[in-house]
Amino acid sequence: MKTINWGILGTGKIAGKFATDLHTVAGSQLVAVGSRSLESAQAFAKENNASTAHASYEALARDPQVDIIYIATPHVRHCEDSILCMQNGKHVLCEKPFAMNAQEVEKMLACAKKNNVFLMEALWTRMMPFFLFIEEEIKSGKYGHIQTLTADFCFPAPFDPAGRLFDKSLGGGALLDVGIYPVFFALALMGEPVEILAKAKIGKTGVDEFTEMTFIYPNGAKAHLNGGITQQTPTTATIILDKGLIYVPTRFHHSDTVTTVHDGVKLNHDFSHGERGYNYEIAHAAQTVREKKTESNLMTHDLSRLIIKTLDRVRAIIGLQY
Ligand SMILES: NC(=O)c1ccc[n+]([C@@H]2O[C@H](COP(=O)([O-])OP(=O)(O)OC[C@H]3O[C@@H](n4cnc5c(N)ncnc54)[C@H](OP(=O)(O)O)[C@@H]3O)[C@@H](O)[C@H]2O)c1
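Structural notes, computed from the coordinates. (Residues numbered from 1 in each chain as written. Predicted model: local features only at pLDDT ≥ 70, side-chain atom pairs only at ≥ 80, totals over all residues. Heavy atoms only, no water.)

1. Digging into the nonpolar core
Piece 1. Residues Trp6, Ile134, Leu149, Phe185, Leu189, Phe215 and Ile239 are the most contacted members of the largest nonpolar core, which totals 109 residues.
Piece 2. Looking at which element gives the most residues to this core, the answer is helix H7 (residues 174-190), with 13 residues.
Piece 3. In this structure, this core is formed jointly by two domains, domain 1 (4-123) and domain 2 (129-270), each of which donates at least three residues. (Core = buried A, V, L, I, M, F, W, Y, C linked by side-chain atoms within 4.5 Å. Buried < 20%, exposed > 50% of the residue type's maximum accessible area, 1.4 Å probe, protein only. Helix = DSSP H or I, 4+ residues; strand = E, 2+ residues; numbered from the N terminus. Domains from an automatic or database assignment.)

Written out as structure tokens, the structure reads:
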């Protein structure tokens, strides 16, 4: 198996977790990191065993030893940072949300095409075994159609007006940070809704602190979704179908168990994994690059397009502009 050499762009919280999981993936190795400051790059490289620390994102993008770069900067930088890497011939795995709006996503996809490189949104849930299982169960048809899907992701973040979650200039707010997971869940399993209802609580920094959404489908099916950054909710997902239900317990976006009830028979399914779960997206991206493909067959460009288009629709309803 060809070893894929990774670079990490940005040295924040998620970058560290990703690096830890990367070391567990066979055929992938972390070779370089890029930061806006040499000190952060060096500290991160030391802690996470990367051989090269770059004092700028440009230097990382130009590093010839790197095959693929993981973008771990705030949302507002995703488009610019991904394009920098792709223009330097690098494959890119970019954190969610892929970008701030559909126009930015289209720019990124056009750049990937022009440079013939792999580009994928790092929506890690898509590659996790529990999610693939749910997808297969529903596709089997044995449960009939989805009637209702309910999913929530809210947590109480400490209020920091200058932090990424509350600062509007960094793309703050619940919808793009955590609301995206319930939105992804509904879109991946139910497709594009015909109608969306949405309401938000806009906080004092001008970002949505809580957003609730209802997606309505042509057959009458509904998805009830919410995301928030000021309070805790169960953070579970429940799918009610004609002939049963599928339940994902708390932190549903990276669960290692699923409960199904089909024709009255309840079963618990175990998908325990030793790592945080980023290993699945890392292995999948690396394998897709190895196969010289420029698009994932799971987290497709069209799925990313649908997610950002839907987030744009919700933002238009709740009046949230960046
Ligand atoms: N998949 C997941 O489970 C998951 C979890 C958390 C976050 N995320 C996503 O990952 C991204 C980063 O989140 P995070 O929680 O890691 O953020 P964070 O801790 O604030 O780190 C972001 C990093 O981006 C760089 N950066 C560049 N410009 C910046 C600016 N103007 N302000 C602050 N930082 C800047 C910094 O690295 P340097 O100083 O080294 O340049 C910083 O350390 C977000 O888009 C978020 O949605 C995903």
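2. Concerning H7
Piece 1. Along H7, the sharpest change in direction is near 55° and occurs at Ile180; proline Pro182 comes one to four residues later.
Piece 2. With 16 of its 17 residues buried, H7 lies for the most part within the structure. (Bend = angle between axes of the 7 residues up to and from the residue.)

3. Some details on the side chain of Thr73
Piece 1. Tracing the backbone through its elements, the reader meets Thr73 in the loop between strand E4 (68-71) and helix H4 (78-87).
Piece 2. Assessed through its relative accessible area of 7%, Thr73 is described here as buried.
Piece 3. A distance of 2.8 Å separates the side chain of Thr73 from the side chain of Asp81, its partner in a polar contact.
Piece 4. Beyond its immediate stretch of four places on either side in the chain, Thr73 contacts Leu9, Gly10, Tyr57, His78 and Asp81. (Polar contact = N/O pair within 3.5 Å; in protein donor to acceptor, adjacent residues only side chain to side chain. Contact = heavy atoms within 4.5 Å.)

4. So, the sheet that holds strand E13 (residues 257-262)
Piece 1. The strand order across the open sheet built from eight strands is E8-E9-E10-E7-E11-E12-E13-E14, with neighbouring strands paired in mixed fashion. Every interior strand has two partners, whereas the edge strands, strand E8 (195-202) and strand E14 (265-270), have only one. Within the sheet, the average angular offset between the axes of one strand and its neighbour, ignoring direction, is 10°.
Piece 2. As paired strands, strand E9 (residues 208-216) and strand E10 (residues 222-228) are joined by seven bridges and run antiparallel to one another. Considered in E10, the bridge of Phe215 is made with Ala223. (Pairing = 2+ DSSP bridges. Axes fitted to C-alpha atoms, helices over the stretch in contact; angles between N-to-C directions.)

5. So, the pairing of strand E11 (residues 237-241)
Piece 1. Side-chain alternation along E11 places Ala237, Ile239 and Leu241 on a buried face and Thr238 and Ile240 on a face that remains uncovered.
Piece 2. Relative to E11, strand E7 (residues 146-154) is paired through five bridges, and the arrangement is antiparallel. Following the sheet pairing, Ile146 is matched in E11 by Leu241.
Piece 3. Between E11 and strand E12 (residues 244-248), which pair antiparallel in sequence order, lie two residues.

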